[in-house]
Amino acid sequence: QVQLVESGGGLVQPGGSLRLSCAVSGVTFSSYAMSWHRQAPGKERELVAGITTYGDSTSYADSVKGRFTISRDNDKNTVYLQMNSLKPEDTAVYYCNAFTIVLASVRKYEYWGQGTQVTVSS
């Protein structure tokens, strides 16, 4: 059974920091690209940051560049999102995502976590 379990969300003041974690089990973690997405009330889910299987490449949405950092520890089967200089507009439910393509079978595999709430407010 594949599980992605996010943690680390909460209430933080503007300008503060949070570190989200996503622990993955049931798959070969190092075979999956990982990403963080978020969904604010009344808005579509958006991609925040992504990281390749061994962490050699990362990408970020323009809205979080320079403030958020995605990283992974393949020994711990965990992906992280360090969020600094948080703004009220960062308020959302944050989800982690695992994605891979098996070329031999031409199949994709994608899994989502249950989400963790991040609220930025004074």
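Nothing here was measured: the structure is a model prediction, and the numbers come from that model.

Visitor: Explain the state of the cysteines to me, please; I cannot follow it from the model alone.
Guide: Covalently bonding the sulfur atom of one cysteine to the sulfur atom of another cysteine gives a disulfide. The full count for this structure, using the stated rule, is 1 disulfide. Covalently, cysteine 22 is tied to cysteine 96 through a disulfide, its sulfur atoms 1.9 Å apart. Note that cysteine 22 is positioned in strand S3 (residues 18-25) and cysteine 96 in strand S9 (residues 92-102), a separation of 74 residues in sequence. Among the residues examined, cysteine 22 registers a relative accessible area of 0% and is labelled buried.

Visitor: Looking at this model, I keep getting lost on the pattern of salt bridges. Mind explaining?
Guide: It is possible for side chains of opposite charge to pair when their charged atoms get near one another. Within the structure shown, the criterion is met by 4 salt bridges. Its salt-bridge partner being arginine 38, residue aspartate 90 comes within 2.9 Å of it at the nearest N-O pair. Linking aspartate 90 in the loop between strand S8 (78-83) and S9 with arginine 38 in strand S4 (residues 33-39), this pair joins segments that are 52 residues apart in sequence. The burial state of aspartate 90 is the same as that of arginine 38; both residues are buried. Two residues, lysine 65 and aspartate 62, come together in a salt bridge whose shortest N-O distance is 3.2 Å. For aspartate 62, a relative accessible area of 64% puts it in the exposed group.

Visitor: How do you make sense of the side chain of arginine 72 when you look at a structure like this?
Guide: Inspection of the secondary structure puts arginine 72 in strand S7 (residues 68-73). Buried charge without a partner: arginine 72 forms no salt bridge, and the closest opposite charge is aspartate 56, 7.8 Å away. A distance of 3.1 Å separates the side chain of arginine 72 from the backbone oxygen of threonine 53, its partner in a polar contact.

Thresholds, definitions, all that
- Residues numbered from 1 in each chain as written.
- Predicted model: local features only at pLDDT ≥ 70, side-chain atom pairs only at ≥ 80, totals over all residues.
- Heavy atoms only, no water.
- Disulfide = S-S within 2.5 Å.
- Helix = DSSP H or I, 4+ residues; strand = E, 2+ residues; numbered from the N terminus.
- Buried < 20%, exposed > 50% of the residue type's maximum accessible area, 1.4 Å probe, protein only.
- Salt bridge = Lys/Arg side-chain N within 4 Å of Asp/Glu carboxyl O.
- Lys, Arg positive; Asp, Glu negative; His and termini not counted.
- Polar contact = N/O pair within 3.5 Å; in protein donor to acceptor, adjacent residues only side chain to side chain.

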